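If you want the building blocks of each chain, they are given just below.
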Amino acid sequence: MQPNPVPLDQVDLADLDVFERNEAWGMFDTLRREAPVHWNEEHDGGSGFWSITRYDDIEMVDKDPETFTSTRFTNLEEPPEEYQELRRSILETDGPRHLALRKLLMRDFNPAQLRRYEDFLRGLATLTVDTALQQDEMDFVDAIAADYPIAVLARLLDTPEEMTPQLISWGNEIVGFSDPEFARVLVNSEESQKYRHLPFSSPVSQEIFEYGRKLAAERKDGDGEDLVSKLVNRIPEDGVPLSPEHYDNYFLLLVVAGNETTRQAISHSMKALMDNPDQMQWLLEHPDKMQQAVEELLRWASPVYHFRRTATRDVELHGKTIKSGDKVVMWFASGNRDDTKFDDPYTLDFTRFPNDHMTFGKGPHTCMGSNLARFEMRIIFETLLPRIASIAQTGEIDRVRSNFVNGIKRFPVRIESKQG
Amino acid sequence: MTTKTTVREHEGDMLVESAVLGADDVLVLTLVDPDGDSLPAWTPGAHVDLILGPDLVRQYSLCGSPADSRAIRVAVLKAPDSRGGSVAAHALTEGATVRVRGPRNHFPLVTAPRYVFLAGGIGITPMLPMVAEADAVGADWHLFYGGRSLASMAFLDELSAYGDKVTLVPQDEAGMLDLASILGDPRPDTLVYCCGPEGLLGAVEERCAVDWPASALHLERFAAKATDAPAEGERSFELVLAGSGLTLVVPPDRSVFDVIQDAGVSVLGSCHEGICGTCEQIVLEGDVDHRDSVLSESEQAANDAMMVCVSRCRSDRLVLDL
């Protein structure tokens with residue numbers, strides 16, 4: 001479904017209302033066509049940013065960390081200099097140290113490891129679907145999309161079951177930092193100034209840190225196979241141990257990145273399947289193509305709208321001069337709709353192959369959990385779709401007010417199931 | 001038409017006398033003439049070309065002593081995003097030969113009473129002979145040496161001899177080089193020499209443009225990274241996908257990833273440069289030629305996994321569990 005065109009002078013990707021209304025797509029289209037390097041003022045005290053919206057340009061920026069550094073933070077927020085070291089995580093690190101930190105856990109998401117989780121994931125998916133389908137009417141987000149990834153995360157972190165609701169709500173608050181319904185303290189609000197030493201300027205970060213530290217203390221020098229044990233007991237290959245701050249931020253990242261984005265991807269995918277019954281039917285007839293379909297659903301969903309870089313020198317691009325120090329925003333969601341890369345980008349097409357989408361990024365910071373996310377999605381839909389006799393939306397979809405996560409808060413549906 | 005004067009440069013094979021790691025991902029190569037002949041003279045700031053393949057020529061600053069006519073020394077950073085030169089250079093081991101052209105100097109040390117030297121990462125290499133010369137002639141100098149972390153910064157031992165004339169700025173502990181204060185006092189008697197990544201060079205240029213004399217700044221900017229490594233020198237091999245029951249051929253100019261995808265088999269990837277780890281596959285058989293930055297040496301040696309976007313196979317047959 002092609003979005004309505006938006007005139008260039010009305011494009012404003014700092015306006016969160018636009019995202020809440022799901023109207024960024026028309027702006028992305030205009031920018032890719034007319035202004036591929038576009039200056040966007042910010043209204044909350046930010047210094048403004050350049051929007052990069054074409055696939056090839058985004059890829060170029062993401063793959064050139066020398067010129068477009070992550071070390072000056074990667075969301076639109078500009079943390080004060082004095083708090084940057086406290087808040088720095090693997091996301092805001094480049095170069096050999098970044099790779100060393102990545103390697104701490106990178107291979108825990110490789111194919112050999114993921115296979116070990118397959119039985120667990122299938123069991124969990126079945127349990128989730130069985131539980132959800134005990135009722136006809138449900139909020140799809142609550143019943144299926146949120147529970148399942150967080151349960152996977154709880155297993156990877158080896159946290160007790162009673163912590164699961166807490167993990168969900170932490171994830172909500174952090175990722176929904178600009179949504180008044182989720183965030184106790186809105187980013188860039190006066191109140192948030194007190195928390196500028198914390199990630200996302202959110203007091204929730206402190207709670208997550210404290211829980212992470214408790215787990216770390218319990219597991220230090222143990223032989224646990226969970227991610228926390230590995231994080232506290234492994235030494236990065238450069239020989240420099242993880243600092244307490246880096247541990248805190250690494251843990252927070254696992255809690256947030258590990259579940260929130262997958263949940264959004266699952267919700268968006270269900271919506272896409274409902275809006276495209278022919279594709280849903282094709283998938284039911286071609287169950288062996290689920291992996292390929294998941295790639296298209298990931299392109300479609302684009303649960304993370306953007307990440308930010310900062311120019312380290314003046315760069316000329318498409319006739320514009322990006323000055324050293326300027327914020328440069330890679331709109332991955334826009335790259336996923338670039339018609340020079342994807343034919344009919346607004347058509348959901350499960351036969352699309354290859355499908356080199358940029359949902360997980362393109363450079364050295366590519367999502368570490370991408371293969372786990374793909375695996376989770378494949379298994380939940382392999383489990384869920386054959387159980388659905390019919391599914392219908394029963395109310396409005398509420399979206400997260402954010403230009404960072406492309407999120408769905410509420411998605412009321414009625415499902416007629418095939419069994420039980 | 002004017003006729004260019006062609007100066008014939010020295011070019012010949014040199015013997016790798018030693019190849020040792022000087023820091024994380026920094027390989028220090030000492031090169032000598034295979035017959036023990038003395039080498040062409042050079043001055044601080046000079047570099048040579050290492051001819052690593054038909055279209056794979058890379059410049060490296062000389063970082064030994066100009067007084068040594070027996071051996072030259074270069075240091076090579078294994079760049080995670082490089083697809084050619086640094087990987088080929090890192091494959092050099094003691095006893096190997098490598099074709100070398102030069103030396104030549106586009107970055108000479110101009111005589112001055114006072115110097116500020118700025119090095120970022122592997123940009124330390126031309127600075128070593130420069131500070132040695134500045135010190136020998138009694139100039140007033142200071143070197144600021146930035147890097148990602150101490151573990152990534154080469155030649156710290158040698159530099160320790162200069163005491164407090166050298167300031168080390170590992171980014172993970174001390175942040176970036178503080179150019180505002182380092183270059184905050186423009187003096188007509190001072191020259192600024194800088195070598196390092198583009199980000200540093202740009203920032204130094206910008207800072208010096210404010211209030212330094214136009215001739216004060218000297219910097220070394222190697223040509224932009226060349227494009228992809230050429231296919232020449234690559235070999236083809238058979239690729240068996242055990243799970244899919246397919247037998248394919250990987251030609252010299254295609255990656256394993258491409259060939260799998262061309263066959264219609266779903267293979268996941270992202271960076272296509274061997275740095276993100278997404279495309280890792282389980283290896284059942286074959287002698288993998290690892291070219292990624294993800295696996296450690298021991299993980300590579302285990303030969304049970306590979307990044308199919310960049311790594312290839314030394315044996316004739318590669319079998320993947322896919």
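For the structure, check the block above.
Calculation criteria
- Residues numbered from 1 in each chain as written.
- Chains lettered and ligands numbered in written order.
- Predicted model: local features only at pLDDT ≥ 70, side-chain atom pairs only at ≥ 80, totals over all residues.
- Heavy atoms only, no water.
- Helix = DSSP H or I, 4+ residues; strand = E, 2+ residues; numbered from the N terminus.
- Buried < 20%, exposed > 50% of the residue type's maximum accessible area, 1.4 Å probe, protein only.
- Contact = heavy atoms within 4.5 Å.
- Areas by Shrake-Rupley, 256 points an atom, 1.4 Å probe, with all protein chains shown as cover.
- Phe/Tyr/Trp six-rings, centres within 6.5 Å; stacked < 30°, edge-to-face > 60°.
- Lys NZ or Arg CZ within 6 Å of the ring centre and 35° of its normal.
- 1 Å grid on protein atoms, 1.4 Å probe; cavity = no way out; pocket = protein on both sides within 12 Å on 5 of 7 lines; lining within 4 Å.
- Points joined across faces, edges and corners; volume = space filled by probe spheres on them.
- Nonpolar A, V, L, I, M, F, W, Y, C, P; charged D, E, K, R; others polar.
- Polar contact = N/O pair within 3.5 Å; in protein donor to acceptor, adjacent residues only side chain to side chain.
- Buried area = accessible area lost by both parts, 1.4 Å probe.
- Salt bridge = Lys/Arg side-chain N within 4 Å of Asp/Glu carboxyl O.
- Pairing = 2+ DSSP bridges.
- Right-handed = clockwise from strand over helix to strand, strands pointing away.
- Core = buried A, V, L, I, M, F, W, Y, C linked by side-chain atoms within 4.5 Å.
- Axes fitted to C-alpha atoms, helices over the stretch in contact; angles between N-to-C directions.

Peer 1: How should I be thinking about the overall build of chain B in this particular structure?
Peer 2: In terms of regular secondary structure, chain B is built from eight helices and 18 strands. Projected onto its principal axes, the C-alpha positions of chain B cover 70 × 50 × 45 Å. When burial is assessed residue by residue, chain B has 49% of its 322 residues classed as buried. For chain B, restricting intrachain contacts to residue pairs at least 6 apart in sequence, the fraction spanning at least 24 positions comes to 63%. For chain B, the exposed area adds up to about 14,500 Å²; of that, 51% sits on carbon and sulfur atoms.

Peer 1: Honestly, the packing of aromatic side chains in this entry has me stumped. Any pointers?
Peer 2: For any pair of aromatic rings, geometry is given as the distance between the ring centres together with the angle between the planes. Counted under the stated rule, the structure contains 21 aromatic pairs over all chains. An angle of 20° between the planes, with centres 5.3 Å apart, marks the rings of B:Y115 and B:F117 as stacked. Assessed through its relative accessible area of 4%, B:Y115 is described here as buried. Between B:F117 and B:Y193, the aromatic rings sit 6.0 Å apart at their centres with planes inclined by 45°, giving tilted as the arrangement. Here B:F117, found in strand 7 (residues 114-120), pairs with B:Y193, found in strand 10 (residues 190-195); they are 76 residues apart in sequence, far enough to count as distant. You'll find B:F117 and B:Y193 in the same group, each marked buried. Grouping aromatic residues by their ring pairs yields a cluster made of A:F19, A:W25, A:F28, A:F49, A:Y305 and A:W331. Over the ring of A:F120 we find A:R155, and its NZ or CZ is 4.5 Å from the ring centre. Over the ring of A:W300 we find A:R337, and its NZ or CZ is 4.8 Å from the ring centre.

Peer 1: What is the right way to look at empty space enclosed by the protein in this model?
Peer 2: It is a probe the size of a water molecule, rolled over the atoms, that shows where empty space is left. Under the counting rule described, the total for this entry stands at four cavities of 30 Å³ or more. Around the second largest cavity, the lining residues are A:R102, A:M106, A:F109, A:N110, A:C367, A:M368, A:S370, A:N371, B:C276, B:G277 and B:T278. Elements with a contribution of two residues or more to the lining of the second largest cavity: helix 5 (95-106) and helix 16 (370-384) of chain A. For the lining of the second largest cavity, a count of residues per class yields five nonpolar, five polar and one charged.

Peer 1: Would you take a moment to explain the side chain of A:R97 for this structure?
Peer 2: Residues and elements named next belong to chain A. With respect to the helices and strands, the residue R97 is situated in helix 5. Within the structure, the side chain of R97 is placed 2.9 Å from the side chain of D238, a separation counted as a polar contact. Once residues lying within four places of it in the same chain are set aside, the contact partners of R97 are P236, D238, V240, P241 and L242.

Peer 1: Mind showing me how you'd approach the interface of chain B and chain A here?
Peer 2: Reports of interface size often rely on the accessible area that becomes lost once the parts have come together. Contacts between the two partners involve 35 residues from chain B, matched on the other side by 35 residues from chain A. Together, the buried faces of chain B and chain A total about 3,000 Å²; carbon and sulfur atoms form 52% of this surface. Where chain B touches chain A, the interface holds four salt bridges. Residue A:R107 pairs with B:E280 through a salt bridge whose shortest N-O separation is 2.8 Å. Joining chain B to chain A, the criterion identifies 13 residue pairs in polar contact (both at pLDDT 80 or more). Every element with two or more residues in the side of chain B that touches chain A is listed here: helix 4 (171-174), helix 6 (198-211) and strand 14 (280-285) of chain B. Of the residues forming the side of chain B that touches chain A, the biggest block, four residues, is contributed by helix 6 of chain B. Of the residues in the side of chain B that touches chain A, the class split is eleven nonpolar, 14 polar and ten charged.

Peer 1: Could you clarify how one ought to interpret the pairing of strand 11 (residues 217-220) of chain B in this entry?
Peer 2: Residues and elements named next belong to chain B. The sheet contact formed by strand 10 and strand 11 spans four bridges and is parallel. Paired with V192 across the strands is L217, a residue of strand 11. Following the chain from strand 10 across helix 6 to the adjacent parallel strand 11, one finds a crossover that is right-handed.

Peer 1: Could you clarify how one ought to interpret the pattern of salt bridges in this entry?
Peer 2: Pairing is possible between side chains of opposite charge, provided their charged atoms come close. For the structure shown, the criterion picks out 54 salt bridges over all chains. Of the charged contacts in the structure, one is a salt bridge between A:R219 and A:D226, with a shortest N-O distance of 2.7 Å. In this structure, a network of salt bridges that share partners links the residues B:E234, B:D287, B:D289, B:R291, B:R312 and B:R314.

Peer 1: Explain the nonpolar core here, please?
Peer 2: The nonpolar side chains of soluble globular proteins are, as a tendency, buried together. Counting residues in each nonpolar core, the largest one holds 140 residues, and the members touching the most others are A:Y250, A:M270, A:F381, B:L239, B:V256, B:L318 and B:L320. With near-sequence residues (within four places) excluded, B:V256 lies in contact with B:F237, B:L239, B:V250, B:M306, B:V308, B:S311, B:L318 and B:L320. B:C63, B:L128, B:Y162 and B:Y193 belong to the second-largest nonpolar core, a separate cluster that totals 30 residues.

Peer 1: Could you clarify how one ought to interpret the sheet that holds strand 8 (residues 140-147) of chain B in this entry?
Peer 2: Hydrogen bonds along the backbone pair up the strands of a sheet, which may run parallel or antiparallel. All names here are of chain B. Taken in spatial order, the five strands line up as 9-8-7-10-11 in an open sheet, and their pairing is parallel. Since the sheet does not close on itself, it has two edges, and those belong to strand 9 (166-170) and strand 11, each with one partner. When the angles between neighbouring strand axes are averaged without regard to direction, this sheet yields 15°. One ladder, built from seven bridges, connects strand 7 with strand 8; its direction is parallel. Counted as the bridge partner of L118 is F144 from strand 8. Each of strand 7, strand 8 and strand 10 touches helix 2 (residues 124-136); the most contacted strand, strand 7, lies at about 160° to it.

Peer 1: Looking at this structure, how should I read the pairing of strand 3 (residues 47-53) of chain B?
Peer 2: Two faces, one strand: in a regular strand the side chains alternate between the faces of the sheet. Residue and element names in this part refer to chain B. The buried fraction of strand 3 amounts to six of the seven residues, a majority that puts the element mostly inside the structure. One ladder, built from six bridges, connects strand 3 with strand 4 (residues 56-61); its direction is antiparallel. Bridge pairing in strand 4 links V48 to Y60.

Remember that the coordinates give geometry; whether it matters functionally is a separate question.
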